[in-house]
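Coordinates in review
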Amino acid sequence: MLQVNKPASEINSEFVEMQSSQSQSPASYLAIIRRQFPTMIAILAACLIVALLYLFTAAPQYTSTASMVIDTRKVQLFQQQSVLGDVAIDSSTVETQVEILKSENISLTVIRDLHLIDDPEFTGTGAALLGAIAGLFSSSSPLSEFELTRKALEQFASNRVIKRLGTTYVMEIGFTSRDPAKAAKIANAIADAYIVDQLEAKYQATRRASVWLQDRIKELRTQASTAQRAVVDFKSANNIVNTGGRLMNEQQLAEVNSQLVLAHAATAEAKARLDRMNSILRQEIPDASVADALKNETIVKLRAQYVDMASKESIWSTKYGHDHLAAVNLRRQMDEIRKNITDELKRIQESYKSDYDIALTREESIKTSLNAAVSEAQLTNQAQIQLRELESTAQSYQAMYDNFLQRYMESVQQQSFPITEARIISAATMPLKKSYPKSLVVLAAGLLGGLLLSFGVAMARELTDNVFRTTEQVEEILGTNCLAILPAVGGPAARSRSLLPGSLADRFANNPGNSNPDLLRYVVENPLSRYSEAIRTLKVAMDLNSVVRENRVLAVTSTLPNEGKSTLSVNLAQLMAHGGARVILVDTDLRNPSLSRALVPDAQVGLVDVIALRAGLEDTLVVDPETKLSVLPIAATSKLLHTNEILASKAMHNLVALLRSKFDYVVLDMPPMAPVVDVRVTSSFVDSFLFVVEWGKTKTDVARHNLRGAPEIHSKLLGAVLNKAETRLLSRYEAYHGRHYYQKYYAKYGYVE
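Residues numbered from 1 in each chain as written. Predicted model: local features only at pLDDT ≥ 70, side-chain atom pairs only at ≥ 80, totals over all residues. Heavy atoms only, no water.

Here the focus is the overall build of the protein chain. Secondary structure summary: the protein chain contains 28 helices and 14 strands in total. A buried classification covers 41% of the 753 residues belonging to the protein chain. Here the analysis covers contacts within the protein chain between residues at least 6 apart in sequence; of these, 81% occur between residues at least 24 apart. As displayed, the protein chain offers around 40,800 Å² of accessible surface, 57% of which is attributable to carbon and sulfur atoms. (Helix = DSSP H or I, 4+ residues; strand = E, 2+ residues; numbered from the N terminus. Buried < 20%, exposed > 50% of the residue type's maximum accessible area, 1.4 Å probe, protein only. Contact = heavy atoms within 4.5 Å. Areas by Shrake-Rupley, 256 points an atom, 1.4 Å probe, with all protein chains shown as cover.)

Below is the structure:
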């Protein structure tokens, strides 16, 4: 079903929307690749060729790698602690060592040890071409040793690769050179230079620490001696003497306190004996237990005599009476004994009292000594506070002195046996394969670069390709149906032939096998060609559209000249005439009647004469004897002014009305729309317009602008035609218009291109 033509005002907005939606779809990118496939293949092939040339011409490079580890185990001699302290080995420490390996100090050491400034690979003097090029931009004077060193250092740094392997403590040292043996030698030299540098750094640091420790030890020795001397002087000044780990006054105070306790006990004991004796004296005769307790023989004997006499007196008194002389004598003796006992007890009492007084006096003396010792101890305790400060200072200085002396002895030993945490775990060996250039990588880079470059060029060509190449473009940009794609036929030597009576048959009779067909009679000479089939599509479109409205007057126009509208007009007219219809072809391009010059070059009268009533219609028509096509040419005249007025005149309207009555189809070959305005004035008597667009030549913006500026033409558009399409390229733009779609059918039924 035919698409309904849209107003010209909607064309631009719809085109922008469609373009933006299609430009984002994957199918649009695949279409771009299909259209630009030869260009992309050429660019990709060029990139691969460049990659291959590079592989064949580039000098091979060899990379040798050595591995070094930062050992976390502390290697200590005789379990000695490092003078500089133990630094924890963490990720930052390993990264620091990597940077040390990259330092100029290590690089210059290797360059100096291996004499690399004399190596052409590092100074650039060995490459003749590169040296000549570099000489153009530098002075001709020879380089100094410093300049050679800096140049070698720059080349050395570019060929060296040092990195840490993952999160381990292993560092990889790689070097690239043209000589594999040299690459291994330099990689090992870098590792050795690093280890030597670390040993030298530790030796220098230990030596500087030893010198500083010597000075500090001397200072600490003096300070410790001064502090100890101050302690001794203070003890002498304050009579502080140590005996057995204790101060003498403290020991003396303890002894006096012990004596006081003993004296107090002795006093209490003496007082207890005295009190007991006083209680005994209050008795007449002490009982036996008291007598025994006193342990006095005299009292024991007297008490025994007293008891014996008392017994006798009791017997005599009972027997002879109380007053008996014997009883009285016995009582008198008893009194004498009692008096003797009392005298003896008093003597003992005096002895006890004397002991008590002595004990009490001794206790008071000891108390006095104790008070004196306490006073002296208090003074000594106050002095001991300052003494402890002096002793603490002396001990601190002594401890620092001992510690620094020990560190100094360790540093002296470490100077003679320096160690480092780094060690080589894999020495560099001579590589057997080149590391650069890598064939697969270069080819992959060439392939990837070629793909990216080719796609970029394809996108650039698509963005700058502002021409019509597909039916979708025609329909989206112009807002009308693309009725057919006319393939390019013939060549630059294609000829046109006059339609004057007799001339056409004679010329074809003389050259029936002409291999270069006449473009203006192509549908007649090649009725089974693809071009003829496309013309039939236009005829069918005209007939189908006539169901909706009358479609007998068809005007063929284009945007610019030389887009093939005249060729299309004559072939369409000949196709319809050859089918038996009454058809007239009218050349209405008054400015440039190219169709008349091609078909009827010797015409004396034509369209202008008929409009001006200077000639009749029958006198001006030229009829093709083979197809019976009638042609109304334009006679050779001088340049006409105001051609649009002629076409818009009433006489022109009357002429078209007359042609409607005499012919089934009227085909008007119109001038192009961009240079002149003649086409716009014919819309009143034209039923439909056929818009010709040259494939790959007509600019999209120009065609869109002309149709947008002529809504009266756009509203009557039958459709557009893509003319002069390259058949072999169509498959890249629209697969269903390509060779593969048509070849099988045309080959089967004898159609030709």
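Turning our attention to the packing of aromatic side chains. Throughout the structure, instances matching the rule amount to 6 aromatic pairs. Considering the side-chain rings of Phe 156 and Phe 175, the 5.1 Å spacing of their centres and the 40° angle between planes classify their relative orientation as tilted. In this pair, Phe 156 sits in helix H8 (residues 145-159) while Phe 175 sits in strand E3 (residues 170-177), placing the two residues 19 residues apart along the sequence. Since its relative accessible area comes to 0%, Phe 175 is described here as buried. Here the aromatic cluster, defined as three or more aromatic residues joined through ring pairs, consists of Phe 122, Phe 156 and Phe 175. One Lys or Arg, Arg 216, reaches over the ring of Phe 404 and ends 6.0 Å from the middle of that ring. (Phe/Tyr/Trp six-rings, centres within 6.5 Å; stacked < 30°, edge-to-face > 60°. Lys NZ or Arg CZ within 6 Å of the ring centre and 35° of its normal.)

What follows is about the environment of Asp 587. Tracing the chain through its elements places Asp 587 in strand E9 (residues 583-587). Distance from Asp 587 to Ile 634, taken between C-alpha atoms, is 6.4 Å for residues 47 residues apart in sequence. Contacts of Asp 587, omitting those with residues within four sequence positions, involve Pro 593, Ser 594, Leu 595, Ser 596, Leu 607, Leu 632, Pro 633, Ile 634 and Asp 669. Of note is the side chain of Asp 587, whose polar atom sits 2.6 Å from the side chain of Ser 596. (Polar contact = N/O pair within 3.5 Å; in protein donor to acceptor, adjacent residues only side chain to side chain.)

Close contact between helix H3 (residues 37-57) and helix H14 (residues 439-464) brings their axes to 8 Å; oriented N to C, the two are set at 150°. The angle between H3 and H14 places the two elements in the roughly antiparallel class. For the pair H3 and H14, the crossing hand works out as right-handed. (Axes fitted to C-alpha atoms, helices over the stretch in contact; angles between N-to-C directions. Parallel < 35°, antiparallel > 145°, perpendicular 65-115°, else oblique. Left-handed = near helix turned anticlockwise from the far one by under 90°.)

Residue pairs three or four apart in sequence face the same way in an α-helix, which turns once every 3.6 residues. The terminal C-alpha atoms of helix H19 (residues 565-578) lie 20 Å apart, and with 14 residues this matches the ideal 20 Å at 1.5 Å per residue to within 8%. For H19, the tally of buried residues reaches 12 of 14 residues, placing the bulk of the element in the interior. Gly 580 lies just past H19 and shows a positive phi near 110°. (Expected span 1.5 Å × (residues − 1).)

As enumerated under the stated definition, the model contains 25 salt bridges in all. One salt bridge in this structure joins Lys 367 and Glu 363, with 3.9 Å as the shortest N-O distance. With Lys 367 and Glu 363 both in helix H13 (residues 325-416) and 4 residues apart, this pair spans about one turn of that helix. One salt bridge in this structure joins Asp 687 and Arg 660, with 2.6 Å as the shortest N-O distance. With Asp 687 in the loop between strand E12 (665-669) and strand E13 (688-694) and Arg 660 in helix H24 (residues 650-662), this residue pair connects regions lying 27 residues apart in the sequence. For Asp 687, a relative accessible area of 11% puts it in the buried group. (Salt bridge = Lys/Arg side-chain N within 4 Å of Asp/Glu carboxyl O.)

A separate point is H8. With 15 residues, H8 extends 21 Å between its outermost C-alpha atoms, agreeing within 8% with the 21 Å of an ideal straight helix rising 1.5 Å per residue. Those residues of H8 not exposed but buried are Thr 149, Ala 152, Leu 153, Phe 156 and Asn 159. Angular distribution of buried residues about the axis of H8 spans 130°; they occupy a single face of the element. At its buried positions, H8 is contacted by helix H5 (104-114), helix H6 (120-123), strand E2 (160-164), E3 and helix H9 (180-237). (Arc of directions from axis to C-beta.)

Attention now moves to the nonpolar core. Residues Leu 478, Leu 607, Leu 632, Leu 655, Leu 668 and Phe 691 are the most contacted members of the largest nonpolar core, which totals 48 residues. Residue contacts for Leu 668: discarding those within four places in its chain leaves Val 553, Leu 554, Ala 555, Val 556, Val 586, Thr 588, Phe 685 and Val 686. Residues Tyr 522, Val 556, Ala 603 and Val 667 belong to the second largest nonpolar core, which totals 40 residues. (Core = buried A, V, L, I, M, F, W, Y, C linked by side-chain atoms within 4.5 Å.)

A cluster of nonpolar side chains, contributed by Ile 315, Trp 316 and Tyr 320, occupies part of the molecular surface with about 300 Å² of accessible area. Along the chain, the position of Ile 315 falls in helix H12 (residues 297-320). (Patch = residues over 30% accessible without salt bridge, like charges linked within 9 Å, V, L, I, M, F, W, Y side chains within 5 Å.)

By definition, the strands of a sheet pair up through backbone hydrogen bonds, in either a parallel or an antiparallel sense. Strand order in the open sheet formed by 8 strands is E7-E14-E13-E8-E12-E9-E11-E10, with mixed pairing between adjacent strands. In this open sheet, the two strands that pair with only one neighbour each are strand E7 (482-487) and strand E10 (622-623). With 5 bridges connecting them, E9 and E12 associate as parallel partners. Opposite Val 586, over in E12, you have Leu 668 as the bridge partner. Packing against the sheet, H19 makes contact with E7, strand E8 (553-558), E9, E12, E13 and strand E14 (717-725), and its axis sits at approximately 165° to E12. (Pairing = 2+ DSSP bridges.)

Between H5 and H9, whose axes approach to 9 Å, the crossing angle comes to 120°. One finds that H5 runs oblique with respect to H9. For the crossing formed where H5 meets H9, the hand is right-handed. Here Asn 105, Ile 106, Thr 109, Val 110 and Leu 114 of H5 come into contact with H9, specifically with Lys 185, Ile 186, Ala 189, Ile 190, Ala 193, Tyr 194 and Asp 197.

With that settled, consider the confidence of the model for the protein chain. Overall, the predicted model of the protein chain reaches an average pLDDT of 79, with 80% of residues at or above 70. Of the regions scoring below 50 in pLDDT, residues 492-517 engages in 47 contacts with residues more than four places distant in sequence or in other chains. Under a pLDDT of 50 for its full length, residues 747-753 has, in the predicted model, 16 contacts with residues more than four places off or in other chains. (pLDDT = per-residue confidence, 0-100.)

Before going further, it helps to examine unusual backbone geometry. Of note, the amide linkage connecting Tyr 436 to Pro 437 takes the cis form, showing an omega dihedral of -5°. Relative to the helices and strands, Pro 437 is located in the loop between strand E6 (422-426) and H14. Here the phi dihedral of His 115 falls at roughly 55°; this positive angle occurs in a residue that is not glycine. With respect to the helices, strands and loops of the structure, His 115 is situated in the loop between H5 and H6. Even without being a glycine, Asn 562 presents a positive backbone phi close to 65°. Mapped onto the fold, Asn 562 is located in the loop between E8 and H19.

In this section: the side chain of Asp 669. Mapped onto the fold, Asp 669 is located in strand E12. Within the structure, Asp 669 has its side chain in polar contact with the side chain of Lys 565 (distance 3.4 Å). Setting aside its immediate chain neighbours within four residues, Asp 669 contacts Val 556, Lys 565, Ser 566, Ser 569, Val 586, Asp 587, Thr 588, Asp 589 and Leu 595.

Within the open sheet, the 4 strands sit side by side as E2-E3-E1-E6. Their pairing is antiparallel. Edge positions in the open sheet fall to E2 and E6, since each of these has one partner strand only. Averaged over all pairs of adjacent strands, the angle between their axes in this sheet comes to 25°, without regard to strand direction. The strands touched by H8 are E2 and E3; relative to E2, the strand with the most contacts, the crossing angle is about 45°.

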